[in-house]
Amino acid sequence: MKLTGRVWIFGDDVDTDQIIPARYLTTFDAASLARHCMEDADPTFPQKVKPGDIIVAGKNFGSGSSREHAPIAIKAAGVACVIARSFARIFFRNAFNMGLPIFICESLKDAVREGDIIHVDGDRGEIILERTSERFETAPIPPFMQTLIDAGGLMSHVKKTTSLQA
Amino acid sequence: MRETLTQKILKDHLIEGEVTPGQIIQCRVDIALGNDVTAPLAIQAFKELGLRKVFDPERIVLVPDHFVPNKDIAAATQAKTMRDFARQFGITHYFEVGQMGIEHALLPEKGLVTAGDVVIGADSHTCTYGALGAFATGVGSTDLAAVMATGQCWFRVPETMRFIYHGTPQPWVTGKDLILHTIGDIGVDGALYHAMEFTGDTLKGLSMDERLTMANMAIEAGAKNGIFESDDTTVSYLKNRTQRPPRYYHADPDAVYLDVHEYDVSVFSPQVAFPSLPGNVHPVEEAENIPLDQVIIGSCTNGRITDLRVAAKILSGRKVHSDVRLIIFPATQAIYLQALKEGLIEVFVEAGAAVSTPTCGPCLGGHMGILAEGERALATTNRNFPGRMGHPKSEVYLSSPAVAAASAIMGKITHPSRVAGKEAP
Ligand code: SF4
């Protein structure tokens, strides 16, 4: 998987209430959720984000609730992937189950500036910062997660691998 | 051998894989839970599989609690989606408004979860049931859909961190204060991906309600689950209540832990988490005199009967400060009824509190007590993220019911002993 995009920077502990505030949870329509994506962290984000952009954040991204509305909102806003120092565990699960690419990278956050262009090569586990040509490594995707991605998400995986009684 | 409590339970539910920390395994699930926010998404994903039945209609629990009684038309539509699904697929444990409660208070109360279970819930505070000696963890809606279809779920086997509490807590120091202190100590990602195993002589004296409060907040340290070893309190709580036989597990004496944290609780004050992280914890003395606009007592963290008793003890014969709105939410209908019988509701109303039917309501900024810009609340809930209870520029502090009740009277954050003396109930 190869992605190139413009960077938006967020800090540590961006929780799901900031990604998609609970007041919007009366729907799970992706386009409506996208209109409020990251609103409580940066109120102007839904207006300025463009398809293919990349979110770079600090540690514990996506902490808090189990709401899948969070990765849905990010994906529907057009964000190509999220790169963080670490991810909260339910967000991590949800992102793979739904097919939003996420990468763990310790050192990128300090090197990158808002608006920078980065190139992400998911298969080789590397990120190139265009402005400085610096190279960063990402943690490899665990094999089971890769299976989920290849299957096209958890539900397709279940369909393929489990004998279900209709 | 050399296994922790969490690893033992997972092993007995194993379908595929190896129960070694870091490995991904496939497990049997005893109970799967959804609510009015997360179930509709799961139902949509489930329906795309085209199945005519769920894996077991008695092992799925659906509870409308977040935006009910229906807050608006959109919320009503979500609640209806879940209700229709429950009827169509013959889900035994669907709880309608009037019988329901906040899910994590309701499931233990109804005996739907028991010791030794593997429970997944499309709600992050599913970890609450670790108090009963179950492996219980929050997942997303798609996971719930997969479990509804197959009865199975994938997990990454966690490492276990051990938390040992010694000593006798001072008056007004409760399970809530122990867990707030712990999160303050290790941080909001201090237990990321790991299991938290709670033990020590202090916990022997802790009621099941307080244990549920502690396990409830394991997720606030990033944990996969929080779990208590079963003892007499567990056995007597589950007796005549649980619908399936409990299985009691104990960690091996030489179990391998990632690390061990020990606390002497006898020196603890009541704790307060400052905005805007549950890990931003200080002793109440450092929070005193912070003025408040609203106080919330309730939620899946602290809306149980013992919480209401403590609040009533402090509020009895006193009045809520004129600058403060005090809103009290019993967590389930049974708790509400019990509070009514004990005269607690009368105490609350006479003190000038608003008492609500069970709902998540203000805990997640849903309805029934939203904060305006610049307003400040103290709540017995579990999260104080920016905007959690309303406007992104409102503030939430977290505490025990005792601190909340005393603060509601004084109009500012207050140590309970200032209002009600040194003798806690
Ligand atoms: S009371 Fe609050 S934390 Fe508990 S389930 Fe409801 S919204 Fe979640």
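Residues numbered from 1 in each chain as written. Chains lettered and ligands numbered in written order. Predicted model: local features only at pLDDT ≥ 70, side-chain atom pairs only at ≥ 80, totals over all residues. Heavy atoms only, no water.

As a further point, take the overall build of chain A. In terms of helices and strands, chain A carries eight helices and seven strands. On C-alpha atoms alone, chain A measures out to a radius of gyration of 16 Å, which is about the 15 Å that the 2.2 N^0.38 rule sets for 166 residues. For chain A, the C-alpha atoms occupy an extent of roughly 55 × 40 × 25 Å along the three principal directions. For chain A, buried positions account for 60% of its 166 residues. Within chain A, contacts between residues at least 6 apart in sequence are counted, and of these 63% link residues at least 24 apart. Working note: accessible area of chain A is about 6,400 Å², and carbon and sulfur atoms make up 53% of it. Once the 19 positive and 21 negative side-chain charges of chain A are each reduced to a mean point, those two points are 3 Å apart. (Helix = DSSP H or I, 4+ residues; strand = E, 2+ residues; numbered from the N terminus. Rg over C-alpha atoms; globule rule 2.2 N^0.38 Å. Buried < 20%, exposed > 50% of the residue type's maximum accessible area, 1.4 Å probe, protein only. Contact = heavy atoms within 4.5 Å. Areas by Shrake-Rupley, 256 points an atom, 1.4 Å probe, with all protein chains shown as cover. Lys, Arg positive; Asp, Glu negative; His and termini not counted. Charge placed at Lys NZ, Arg CZ, Asp CG, Glu CD.)

Our next topic: the domain arrangement of chain B. Residue and element names in this part refer to chain B. Assigned domains of chain B: these are domain 1 (5-243 + 257-263) and domain 2 (272-420). Taken together, the contacts link 33 residues of domain 1 with 39 residues of domain 2. Approximately 2,900 Å² of surface area, both sides summed, lies buried where domain 1 meets domain 2, with 64% of it carried by carbon and sulfur atoms. Broken down residue by residue, the surface that domain 1 buries against domain 2 is led by I102, W172 and K176, which jointly contribute 25%. Our count for the domain 1 to domain 2 interface comes out at one salt bridge. (Domains from an automatic or database assignment. Buried area = accessible area lost by both parts, 1.4 Å probe. Salt bridge = Lys/Arg side-chain N within 4 Å of Asp/Glu carboxyl O.)

In this structure, F61, I74 and F91 of chain A together with L315, F348 and I413 of chain B are the most contacted members of the largest nonpolar core, which totals 128 residues. If near-sequence neighbours (up to four positions away) are discounted, F348 of chain B is found in contact with L308, A311, A312, L315, I328, A353 and V355 of chain B. Ranked by size, the runner-up nonpolar core spans 62 residues in total, among them F163, M196, A215 and A223 of chain B. (Core = buried A, V, L, I, M, F, W, Y, C linked by side-chain atoms within 4.5 Å.)

This part covers the pattern of salt bridges. The final tally for this structure, using the stated rule, is 33 salt bridges over all chains. Here D53 of chain A ties to R6 of chain A by a salt bridge, and the two come within 2.9 Å at their closest N and O atoms. Within this pair, whereas D53 of chain A is found in the loop between helix 3 (45-48) and strand 2 (54-57), its partner R6 of chain A is found in strand 1 (residues 2-9), the two being separated by 47 residues in sequence. D42 of chain A is paired through a salt bridge with K48 of chain A; the nearest N and O atoms lie 2.8 Å apart. Residue D42 of chain A is classed as buried on the basis of its relative accessible area of 16%. One network of salt bridges, in which partners are shared, links R28, D30, D56, R59, D117, R244 and R247 of chain B.

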